[in-house]
Amino acid sequence: QMHLVESGGGLVQPGGSLRLSCAASGSFVSISLMGWYRQAPGKQRELVATITSGGSTNYADSVKGRFTVSRDNAKNTVSLQMNSLKPEDTAVYFCNAFLYTGDARLLEVWGRGTLVTVSS
């Protein structure tokens, strides 16, 4: 089995910063795309940021200039540095990855999520 485990969520004041981390574990050969999604109460899950194995990134317009996604291919981790946080960033943040298995399948895996609350 393959797992993604997030960490780093919590409560932060508006304008503050948080760093989320996600580690992949299990039986896989390599990781293709990794990223972060979020789901606010009563809303659909939405893309926050993604990063390819080569380091190319993509961001939602709402977080551009405030959030930075990065990954460590050697450690199979992806991180999300969130600065200038706003109340509307409050959501459960999910790690996502596409993993290559030993038999050449590409599987999409989700973490269980970590709650980020931005409030004074």
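The numbers attached to residues start from 1 for each chain and follow its sequence in the written order. Residue-level local features of this predicted model are given only where pLDDT is at least 70; pairs of side-chain atoms are given and counted only at 80 or more, and the full residue set underlies all totals for whole chains, interfaces and linings. Each side-chain value is derived from all of the structure's non-hydrogen atoms; neither hydrogens nor water enter the calculation.

Peer 1: Teacher, can you tell me more about the state of the cysteines here?
Peer 2: Here, the term disulfide refers to a pair of cysteine sulfur atoms separated by no more than 2.5 Å. Using the criterion set out here, one finds 1 disulfide in the structure. Disulfide pairing places C22 opposite C95 at an S-S distance of 2.0 Å. Here the S-S torsion is close to -85 degrees, and the disulfide linking C22 with C95 is therefore left-handed. Taken together, the positions of C22 in strand β3 (residues 18-26) and C95 in strand β9 (residues 91-100) put the pair 73 residues apart, joining distant regions of the chain. Judged on exposure class, the residue C22 and its partner C95 are both buried. Runs of H or I in DSSP of at least four residues are treated as helices and runs of E of at least two as strands, each being numbered from the N terminus. Burial classes follow relative accessibility: with a 1.4 Å probe on protein chains only, a residue under 20% of its type's maximum area counts as buried, one over 50% as exposed, and anything between as partly exposed.

Peer 1: What exactly am I supposed to notice about the packing of aromatic side chains here?
Peer 2: How two aromatic rings sit relative to each other is set out by the distance from centre to centre and by the angle between their planes. Under the pairing criterion, centres of Phe, Tyr and Trp rings, with the six-membered ring standing for Trp, must be within 6.5 Å; the plane angle then separates stacked pairs below 30 degrees from edge-to-face pairs above 60, leaving the rest tilted. As enumerated under the stated definition, the model contains 1 aromatic pair in all. With 5.1 Å between their ring centres and 65 degrees between their planes, Y37 and W110 make a pair best called edge-to-face. Here the residue Y37 occupies a position in strand β4 (residues 30-39), and W110 occupies one in strand β10 (residues 106-110), the gap between them amounting to 73 residues. Among the residues examined, Y37 registers a relative accessible area of 18% and is labelled buried. Exposure remark for W110: the relative accessible area of 33% places this residue in the partly exposed category. Note on criteria: charge over ring means Lys NZ or Arg CZ within 6 Å of the ring centre, with the direction from the centre no more than 35 degrees off the ring normal. Here the basic side chain of R45 rests over the ring of F94, its NZ or CZ set 3.7 Å away from the ring centre. Sitting over the ring of W110, R45 keeps its end group 4.6 Å from the ring centre.

Such coordinate-based values are descriptive only and should not be taken to indicate function.
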